Amino acid sequence: MQDAPCGAHDVRSHGKATATGDTSIPSPFASRHDLIVHSHEPYNAEPRLDRLRAASITRQSDFYVRSHGNIPQLDGAGHRLKVGGLVRTPLELTVDNLRTRFTERSVMAVMQCAGNRRADMQGVKPTSGDPWAPGAIGNAVWTGVSLRDVLHAAAAEADPALHVAFDACDDVDMQGEGHFKYGVSIPMPKAVSPDVLLAYAMNGEALAPEHGYPLRVVVPGFAGVRSPKWLSRITVQDAPSDNHMQARDYKLLPADVTEGTVDWDQGVTIYDMPLNSAICEPAANSVLDAGRTTLRGYAVVTARTIVRVDVSIDGGRSWSQAKLEHDAAALWSWTFWSITLDLQEGSHELVVRAWDSAGQTQPAQPDDVWNFKGYLSAAWHRIQVSAR
Ligand SMILES: Nc1nc2c(c(=O)[nH]1)N[C@H]1C(S)=C(S)[C@@H](COP(=O)(O)O)O[C@H]1N2
Ligand SMILES: [Mo]
């Protein structure tokens, strides 16, 4: 099944005991000590929100890391990508082959985890998964080649009912549910969008090991789970991937479904991400000086644009409109917002909600969208602060 040559020299084989604490973290993570770490194995970490809001293009060192298994240490020159399935010309390509045989393309796009902001949902009722704050998101300029061009070179069948499956090099151990290499798929109509990349660079730098060196998929607008890192194989097929990650995870389920009652076949596969927004500054629970206070954050939407961001300093009773910063040419990028308001002495609930170009806004409460996996947490973002 998995004969793609990953040739990994794992620095952190999954399940292998290592010392606890940051000193056990090998070199790929050395520069990342300032991220908030949810777990070391697998490595999951997000930036502080003021760091996230500091630049519209997120530095690799400030970019959240979501991994389900080990971080493979792959040999960039020797690594091979196989392309097969419903294609007339199966391919085997090095990253260098991709660079020289195909047209290079750069796309600015947000990568966002389906579990971003899960902590708010956990405030309603526990869910599985790490308590991500609003930092499981970042915006980067991804450079690589269009998946579409590689599918074309392989003379892939183009029926819109097909799926393009991806296999990766990391080993995922789903305690009790088996041990497998990470794999997912996307529907063909998305796969042939020129903005879906096989990327080898991020913000003009080689991908860091934790972001998928030497090659990853970037599917703008889709949940991060559909953008495999350490890509080893592409398969054109007539059904979605049967990998655990696709079939038994990352699906949206109704509120009454639990871990014990879930029928994964009834879940809705999470592809597109919902309208969302967050307050990045001030930080939750901060004590501020009363008076003029600037609030800053992000808003994000797929396939539409952010047209308005409302901010409240009284728990959502009254609203003011924030100033928006968006590069209209960057379709898949986020929108930064800011507003300066007068904060009286006392406690305040600060709230943000975004509106998109179809006049849709976010649900008011996380209760409205709660699900046992804690996915797509996109209610109004509320934080408590006090001023004195
Ligand atoms: N091979 C592989 N690809 C993966 C993952 C993974 O665990 N293994 N995690 C996915 C998830 S859930 C997300 S949100 C993004 C995160 O990308 P980043 O770590 O570069 O931010 O990678 C996706 N690609
Ligand atoms: Mo994710």
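Everything that follows concerns the structure shown earlier in this document.
Let me sum up the structure you'll find in this document. (Residues numbered from 1 in each chain as written. Chains lettered and ligands numbered in written order. Predicted model: local features only at pLDDT ≥ 70, side-chain atom pairs only at ≥ 80, totals over all residues. Heavy atoms only, no water.)

1. A few points about the nonpolar core
Okay, step 1: Counting 62 residues, the largest nonpolar core has Trp142, Leu147, Leu198 and Ile234 as its most contacted members.
Okay, step 2: Of the residues forming this core, the biggest block, 6 residues, is contributed by strand β10 (residues 197-202).
Okay, step 3: A domain-level breakdown of this core finds at least three residues from each of domain 1 (29-269) and domain 2 (276-387).
Okay, step 4: If you look at the next biggest cluster of nonpolar residues, it comprises 20 residues, including Leu295, Ile306, Val311 and Leu341. (Core = buried A, V, L, I, M, F, W, Y, C linked by side-chain atoms within 4.5 Å. Buried < 20%, exposed > 50% of the residue type's maximum accessible area, 1.4 Å probe, protein only. Helix = DSSP H or I, 4+ residues; strand = E, 2+ residues; numbered from the N terminus. Domains from an automatic or database assignment.)

2. Observations regarding the pattern of salt bridges
Okay, step 1: Evaluation of the coordinates by the stated rule reveals 13 salt bridges.
Okay, step 2: Across the salt bridge formed by arginine 59 and aspartate 62, the nearest N and O atoms sit 3.7 Å from each other.
Okay, step 3: Overall, aspartate 62 belongs to the buried group, its relative accessible area being 5%.
Okay, step 4: Note that arginine 353 and aspartate 310 form a salt bridge whose closest N and O atoms lie 2.9 Å from each other. (Salt bridge = Lys/Arg side-chain N within 4 Å of Asp/Glu carboxyl O.)

3. With respect to the packing of aromatic side chains
Okay, step 1: For the structure shown, the criterion picks out 9 aromatic pairs.
Okay, step 2: Judged by centre distance (5.2 Å) and plane angle (35°), the ring pair of phenylalanine 222 and tyrosine 271 falls under tilted. Placement of the pair is phenylalanine 222 in the loop between β12 (216-218) and β13 (231-237) and tyrosine 271 in the loop between β15 (268-269) and β16 (276-281), with a sequence separation of 49 residues. Exposure class is identical for phenylalanine 222 and tyrosine 271. Each is buried. (Phe/Tyr/Trp six-rings, centres within 6.5 Å; stacked < 30°, edge-to-face > 60°.)

4. Comments concerning the side chain of glutamate 46
Okay, step 1: For glutamate 46, the position within the fold is in strand β2 (residues 44-46).
Okay, step 2: It is arginine 118 that comes nearest to the buried, bridge-free glutamate 46 among opposite-charge side chains, at 9.3 Å.
Okay, step 3: Among the polar contacts listed, one links the side chain of glutamate 46 to the side chain of histidine 38, at a separation of 2.6 Å.
Okay, step 4: The contact partners of glutamate 46, leaving out residues within four places of it in the chain, are Leu35, Ile36, His38, Tyr64, Pro131, Trp132, Ala133, Pro134, Gly135 and Ala136. (Lys, Arg positive; Asp, Glu negative; His and termini not counted. Polar contact = N/O pair within 3.5 Å; in protein donor to acceptor, adjacent residues only side chain to side chain. Contact = heavy atoms within 4.5 Å.)

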